[in-house]
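Each chain, letter by letter, is given below.
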Amino acid sequence: HRAAVRSAIETGNLTFACYSTFQINTTLLLRNDPLDAVWRESEKGLDFVRKARFRDIEDVIVTQQRLIAALQGRTASLSSFSDAQFDEAAFEAQLTDDRMTMMVCWYWVTKLQICFLAGDYATALVASERAKQRLWALFDQIELVEYFYYTALTVAALYERASAAEQGGWRELLAAHQQKLRELADTHAPTFADRHALVSAEIARIERRDAEAMRLYEQAIAAASESGFVLDEGVAHELAAGLCVARGWATAARAHCDEARSCFARWGAHGKVRQLDARMPPGREAALASRPGAAPGDGAQLDLVSVTKASQAISSQIVLDDLIDTLMQILLENAGAQTGQLLLVRGEQLVLVADASVGQKAIHVRQYLSQPPPALPLHGTGVPLPAWPDSIVNYVQRCQERVLLDDAMQSNPFSADDYLVGRRPKSVLCVPLMRRSAMIGLLYLENNLATHAFTPQRVSVLELLASQAAITLENARLYRDLAEREARIRRLVDANIVGILIFHLEGPIFEANEAFLRIVGYDRDDLASGRMRWTELTPPEWRDRDNQLITELLATGTLQPFEKEFFRKDGSRASVLIGVAMFEAGGSEGVGFVLDLTERKRVEAEARVSERRYREVQMELAHLNRAATMGQLTASIAHEVQQPISAAATYAAAALRWLNAKPPDLDEVRQALDTIVNEAMRAGGIVGGIRKLVKKAPPRMDRVDLNEAVREVLELTQGEAAKHNVAVLTVLGAGLPPVLGDRVQLQQVVLNLIINAIEAMSTRGTGLRELQICTAAEPLHDVTIAVRDSGPGLSPTEVKRVFDPFYTTKENGLGMGLSICRSIAEAHGGRLRASANVPRGAVFELVLPRGEVARAPFSENEGLRVT
């Protein structure tokens, strides 16, 4: 499998590499390799599969790890995969039909296995049924054998308590699975013979063929032992012990139980060992205690007085610095170590917080809570030595079980560690510090003078003290965190950045900082007198809202910042922003954080006044600009108005002559009167347009036909254009949609642009003077009015500054016209832009958003017109 992984990686076949990776773990579990070694291999495989983002194979390896963790006793119970980092129910919930069938089936076979080993046969049977639904996916996997094997053992365990109907079906199942295992055993006996023999033994047991059953148990035990299958050997011994207990064969039961325990212990299944110890037959404890070389487990063998004093010394400390100093002193004294290091979990990292060493008649402790550890010594090559053996520390952190090396120089699983090679310690002990099934740190100890320095008695004492130390360290850390939080809160209160008050819901204010007292104008004597109540500081119009907020506060415990007012001592009001939190759920005391908004409110009020004044000034400037522009047009307008008046007078005189004729020519009189009416309306239209443009009126938003608005402006400016010999061309877009805006203001913009263009072209001595006004609809639902002239044009600098207030290119200009025009355009959601015309002159474009998308009716008057 390792060769397959390498080959797959070299050829870029990550899928095959991931499949081969989990098969490595499968093979190691099938061979019954030590569980800690299989775990280390699974960690490497899991890291690779996660990087390859193969979720289904990742879950296969996670399932294998859950089996290992349960057997090692690191889960909630032997039959459960759950621990602090893994939720079995949540994992099973995501095993839906869209996931890889093989992976889901694999999980349920593994669940079947652990539940059988734990003796939870009912759950094992449920897992077997769920696996059976997907069994087709395991057609070439070794887990198929596991399914036949553990399902048969589970059914045999439940058989005697089943109904007659269930027993009938299960007999057929047992026979079928026994036949499957026989075929496998005939194919390759070293791998499968022990399993076939054990299932056959269980069938003989339920059939009351006890002698045959015991012979088959022994056969299964011998086959498993010969092949090195320590798990299968332990299971066979355990089942044999069960039969012996049921038949009253106590000696044989104890012997098989001892052997089962030994097998599981060799495999590293400490959780299973603890279960066997809890089930052991009477008298076994004494046998174990009397066994030569057995570790002392009886409390009488310990120096209970010393242990008690040490435990009390550790538990009496609450300040973290003092606790660590005391802890390191006591642990080194009781462990027989020369040096020791205390590492605590910070986030996901282990951090060195203290080390200790035995000197001349004293233990020297150095702490690194507030300072970095010293520089590490160097190899001969100049590379720093590790601070501790990483392989041991990582193993203890991951597996949460101690590591003891009686002779660290002898071959062991950690012999290749750089630290052990360079430092060459004699004895090593690393103990996890556990609190509520979670590791909060570890203790690493060394003795460089003697092997076997950490005797079983010392290890027992040390583990007892480590348990107490874990509790006290956690309490000390919580105490320190609390003290630091209180210090930060006190610094916040004393800094007076915001007002802070502590109050009762009924009204009294117990405590407040200087910032809050300044906001409400009271002093500390007023606070001490008890006269300050937040209910009395609140104006009447705010009290109903406060009562509603109190209901919310009692329900949630907090209030998001909200604005209100407080009475000051002098009767004035302070606008504030306040946030509130209760000290405890359902309590009546809380803390408020208050920000003074009085100055901000004053500035906002002044800003509103300034904004109104600015708008008034802008309207005044716009009015003056219109009036100034109209002043420039006075002569032309007078000519335009004079024409219809003169024409009306001429036609009136003609009408009189036709009336005085003998006989009167009434047709001629009628035509003359019609002409008079038209000319009078023309004059009235011109005067009305002028009044609108000059009138100082607020903006009015209407749907405006831009073509019609442009025509009205052109009528006003045609005299001015004629006076300066300017040819005016209009290209008005057909079907132009209306825009939403103030007609007068938009006409003011067009009027300014036309007058500016005429004036610019009038500065040229000779040459073509051509003014073009175009309207069009742009693709992005905008409407444009473009005014093009053939004047001297604008330089790049003038293009950038032409809309700036008070910037002008005229000798006597104020520089406000185009600035006001741009403001009008922006107020309508549009823009005004300038650019160079080709081949000469300038272009000014007014771009406005259309008021609606629908096309306006086509006008036959729209198109090209030359004046």
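Calculation notes
- Residues numbered from 1 in each chain as written.
- Predicted model: local features only at pLDDT ≥ 70, side-chain atom pairs only at ≥ 80, totals over all residues.
- Heavy atoms only, no water.
- Pairing = 2+ DSSP bridges.
- Helix = DSSP H or I, 4+ residues; strand = E, 2+ residues; numbered from the N terminus.
- Axes fitted to C-alpha atoms, helices over the stretch in contact; angles between N-to-C directions.
- Contact = heavy atoms within 4.5 Å.
- Salt bridge = Lys/Arg side-chain N within 4 Å of Asp/Glu carboxyl O.
- Buried < 20%, exposed > 50% of the residue type's maximum accessible area, 1.4 Å probe, protein only.
- Patch = residues over 30% accessible without salt bridge, like charges linked within 9 Å, V, L, I, M, F, W, Y side chains within 5 Å.
- Areas by Shrake-Rupley, 256 points an atom, 1.4 Å probe, with all protein chains shown as cover.
- Lys, Arg positive; Asp, Glu negative; His and termini not counted.
- Polar contact = N/O pair within 3.5 Å; in protein donor to acceptor, adjacent residues only side chain to side chain.
- Phe/Tyr/Trp six-rings, centres within 6.5 Å; stacked < 30°, edge-to-face > 60°.
- Lys NZ or Arg CZ within 6 Å of the ring centre and 35° of its normal.
- Core = buried A, V, L, I, M, F, W, Y, C linked by side-chain atoms within 4.5 Å.

1. Some details on the sheet that holds strand S6 (residues 438-447)
Overall, antiparallel pairing links the six strands, which are arranged S3-S2-S1-S6-S5-S4 in an open sheet. The open sheet is flanked by strand S3 (363-367) and strand S4 (403-405), the only strands paired with a single partner. With direction set aside, neighbouring strand axes in the sheet form an average angle of 20°. Against the sheet, helix H18 (residues 390-399) contacts strand S2 (349-358), S4, strand S5 (427-435) and S6, and its axis sits at roughly 30° relative to S5.

2. Concerning the pattern of salt bridges
Scanning the model with the defined rule gives 33 salt bridges in all. Across the pair Arg711 and Glu708 runs a salt bridge, and its minimum N-O distance is 3.2 Å. Of the two residues, Arg711 and Glu708 both sit in helix H28 (residues 706-723), three residues apart, roughly one turn of that helix. Arg711 sits in the buried class, given a relative accessible area of 16%.

3. Things to note about a nonpolar patch on the surface
On the surface, Leu656, Leu659 and Leu666 cluster together to form a nonpolar patch covering roughly 290 Å² of accessible area. Since its relative accessible area comes to 53%, Leu656 is described here as exposed.

4. A short note on the pairing of strand S18 (residues 842-849)
Where burial is concerned, most of S18 is hidden: seven out of the eight residues are buried. Relative to S18, strand S16 (residues 782-788) is paired through seven bridges, and the arrangement is antiparallel. Paired with Ala786 across the bridge in S18 is Glu845. Judged from the six bridges that link them, strand S17 (residues 831-836) and S18 form a sheet pairing that is antiparallel. By the bridge assignment, Leu832 is partnered in S18 with Leu846. Between S17 and S18, which pair antiparallel in sequence order, lie five residues; one of them, Gly841, sits at a positive phi of approximately 100°.

5. Here we look at the sheet that holds strand S7 (residues 499-504)
Pairing is antiparallel in the open sheet, where five strands are placed in the order S8-S7-S11-S10-S9. In this open sheet, the two strands that pair with only one neighbour each are strand S8 (509-512) and strand S9 (558-567). The mean inter-strand angle of the sheet, taken between neighbouring strand axes irrespective of direction, is 30°. Direction of pairing for S7 relative to strand S11 (residues 589-596): antiparallel, over a ladder of six bridges. Across the sheet, residue Phe503 finds its bridge partner in S11, namely Gly590. The strands that helix H24 (residues 540-556) touches are S9 and strand S10 (573-582); relative to S9, the one it contacts most, it runs at about 160°.

6. With respect to the side chain of Arg74
Following the sequence through the fold, Arg74 ends up in the loop between helix H4 (55-71) and helix H5 (88-93). Asp83 is the oppositely charged side chain nearest to the buried, salt-bridge-free Arg74, at an N-O distance of 5.4 Å. Within the local environment of Arg74, its side chain forms a polar contact with the side chain of Gln72, the two groups lying 2.9 Å apart. Contacts of Arg74, omitting those with residues within four sequence positions, involve Trp39, Ala69, Asp83, Arg398 and Cys399.

7. Points about the packing of aromatic side chains
What characterises a pair of aromatic rings is the spacing of the ring centres plus the angle enclosed by the ring planes. Summed over all chains, the structure comprises 13 aromatic pairs. Plain terms: the ring middles of Phe503 and Trp534 are 6.4 Å apart, the flat faces sit at 75° to each other, and that makes the pair edge-to-face. Of the two residues, Phe503 sits in strand S7 while Trp534 sits in helix H23 (residues 534-537), which places them 31 residues apart along the sequence. Taken together through their ring pairs, the aromatic side chains of Phe81, Phe86, Phe91, Tyr107 and Trp108 make up a single cluster. The lysine or arginine in question, Arg74, covers the ring of Trp39, its NZ or CZ lying 4.3 Å from the ring centre. The aromatic ring of Phe81 is capped on one face by Lys111, whose charged end is 4.9 Å from the ring centroid.

8. Details of the nonpolar core
Judged by nonpolar contacts, the single largest core of 114 residues is most densely connected at Leu153, Leu198, Tyr217, Val235, Ile392 and Leu442. Per-element accounting of this core gives the leading share, 14 residues, to helix H6 (residues 101-118). Excluding residues within four positions of it along the chain, Ile392 makes contact with Val403, Leu405, Phe414, Leu420, Val428 and Cys430. Counting residues in each nonpolar core, the second largest holds 41 residues, with Val713, Val739, Phe803 and Leu848 among its members.

9. Topic: unusual backbone geometry
Of note, the amide linkage connecting Lys662 to Pro663 takes the cis form, showing an omega dihedral of -5°. Note that the residue after Val838, namely Pro839, is joined by a cis bond; omega there is 5°. Inspection of the secondary structure assignment puts Pro839 in the loop between S17 and S18. Unlike most non-glycine residues, His452 shows phi in positive territory, near 55°. Along the polypeptide, His452 turns up in the loop between S6 and helix H20 (456-495).

In short, shape yes, function no, at least from these values alone.
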